[in-house]
Amino acid sequence: MFVADKSSGHLIEVLDTLDLFDPHVNSVKGSLHYGEEAQDPESFPKAELVFPSGEPLPVCWTDPDYRRKR
């Protein structure tokens, strides 16, 4: 699954989508797709990620207490 870096807009291929969906995990391992080849995997904070369209990640993926905040 691809997401984008909020500040640069560069695409990041998430290597473990379960970490992306888990609100208790604050960062995901992924490969930056910039240039001709994918870069080596590194950790990216979920707070700095958005969908490629620019839309933010769902709150249920980033906040473990999202149901309590109504």
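Residues numbered from 1 in each chain as written. Predicted model: local features only at pLDDT ≥ 70, side-chain atom pairs only at ≥ 80, totals over all residues. Heavy atoms only, no water.

(A) Structural detail: the pattern of salt bridges. Applying the stated criterion across every chain, the model contains one salt bridge. A salt bridge links Asp 65 to Arg 68; the nearest nitrogen and oxygen atoms lie 3.3 Å apart. (Salt bridge = Lys/Arg side-chain N within 4 Å of Asp/Glu carboxyl O.)

(B) Up close: the confidence of the model for the chain. Summary statistics for the chain give a mean pLDDT of 93 and a share of 99% for residues scoring 70 or more. The spread of mean pLDDT over the elements of the chain runs between helix α2 (residues 59–62), the lowest at 94, and strand β5 (residues 49–50), the highest at 98. (pLDDT = per-residue confidence, 0-100. Helix = DSSP H or I, 4+ residues; strand = E, 2+ residues; numbered from the N terminus.)

(C) Molecular detail of the pairing of strand β1 (residues 2–5). Note: β1 against strand β2 (residues 11–14), three bridges, orientation antiparallel. Paired with Val 3 across the two strands is Ile 12, which belongs to β2. Between β1 and β2, which pair antiparallel in sequence order, lie five residues; one of them, Gly 9, sits at a positive phi of approximately 85°. Note: β1 against β5, two bridges, orientation antiparallel. When the bridges of β5 are listed, Asp 5 appears paired with Leu 49. (Pairing = 2+ DSSP bridges.)

(D) Here's a closer look at the packing of aromatic side chains. What the rule picks out here adds up to two aromatic pairs. Ring geometry for Phe 21 against Trp 61: centres 4.8 Å apart, planes inclined by 55°, an arrangement best described as tilted. With Phe 21 in helix α1 (residues 17–21) and Trp 61 in helix α2, this pair connects stretches of sequence that are 40 residues apart. For Phe 21, a relative accessible area of 34% corresponds to the partly exposed category. You can call Trp 61 buried: its relative accessible area is 15%. Joined through ring pairs, the aromatic side chains of Phe 21, Phe 51 and Trp 61 make up one cluster. (Phe/Tyr/Trp six-rings, centres within 6.5 Å; stacked < 30°, edge-to-face > 60°. Buried < 20%, exposed > 50% of the residue type's maximum accessible area, 1.4 Å probe, protein only.)

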